[in-house]
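Listed below are the residues making up each chain.
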Amino acid sequence: MRWEPDRSAPALPYVQPTSFWLAASRGAQDRCPSCGVGHVFDGYLRVAPACSHCGAPLGSLRADDAPPYFTIFIAGHVLIPIVLWVERVWMPPMWLHMLLWLPLFSVVCIAMLRPIKGATLGWMMRLGMTGAEGGAEPLPPETTPPKTYAPGTHG
Ligand SMILES: [Zn+2]
């Protein structure tokens, strides 16, 4: 009998959402993408370390720059045509453009960032991106070498 490596996927530490839309919509509503009951966020944008209901490791999902990228992409594609239309029809002075669009862009982006981050985290859970794809886990805090200060070595 020939030896075969174990090609089965390792068990995920949570129940994987059944579809992209279910996971993304749960995340966008600040619900755990896995169970739909617990909260994703532990503040405005801080992700909870784990789901309070099912224990899914939400804190290990690293969305990084994806949510701001999606937010700017969507807000820009919705608002820039309106900006151009206003300029073409009324040609307001530049100070009025700045007075109108800068606060509007800020408010729209701040309002969209949280649900988009939740949806991104749900999408990542659906894809099984647990945060351990990069190989070794970071050292636990007690084994991290202490930072020492040596006088005269900082240039
Ligand atoms: Zn949960």
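Above this text sits the structure in question.
All values reported here derive from a predicted model rather than from experimental measurement.

Conventions we followed
- Residues numbered from 1 in each chain as written.
- Predicted model: local features only at pLDDT ≥ 70, side-chain atom pairs only at ≥ 80, totals over all residues.
- Helix = DSSP H or I, 4+ residues; strand = E, 2+ residues; numbered from the N terminus.
- Buried ≥ 20, exposed ≤ 12 C-beta atoms within 10 Å, placed from the backbone.
- Expected span 1.5 Å × (residues − 1).
- Bend = angle between axes of the 7 residues up to and from the residue.
- Contact = placed C-beta atoms within 7 Å.
- Axes fitted to C-alpha atoms, helices over the stretch in contact; angles between N-to-C directions.
- Left-handed = near helix turned anticlockwise from the far one by under 90°.
- Nonpolar A, V, L, I, M, F, W, Y, C, P; charged D, E, K, R; others polar.

**Observations regarding the overall build of the protein**
Phase 1 of the analysis: Looking only at helices and strands, the protein has 3 helices and 0 strands in total.
Phase 2 of the analysis: Order of helices (α) and strands (β) in the protein, N terminus to C terminus: α-α-α.
Phase 3 of the analysis: Across the 155 residues of the protein, 21% fall into the buried class.

**Let's talk about helix H2 (residues 66-90)**
Phase 1 of the analysis: Spanning 25 residues, H2 covers 36 Å between terminal C-alpha atoms, matching the ideal 36 Å at 1.5 Å per step.
Phase 2 of the analysis: Maximum bend of H2: about 30°, positioned at Gly76.
Phase 3 of the analysis: Residues of H2 that are buried: Pro67, Thr71 and Ala75.
Phase 4 of the analysis: Tucked into the core, H2 has its buried residues touching helix H3 (94-127).

**Focus on the packing of helix H1 (residues 20-28) against H3**
Phase 1 of the analysis: Where H1 contacts H3, the axes come no closer than 6 Å and their chain directions differ by 145°. Crossing geometry of H1 relative to H3 is assigned as right-handed. Facing H1, whose interface residues are Phe20, Ala23, Ala24, Arg26, Gly27 and Ala28, H3 presents Pro115, Gly118, Ala119, Leu121, Gly122, Trp123, Met125 and Arg126.
Phase 2 of the analysis: In the contact of H1 with H3, the residues fall into 9 nonpolar, 3 polar and 2 charged.

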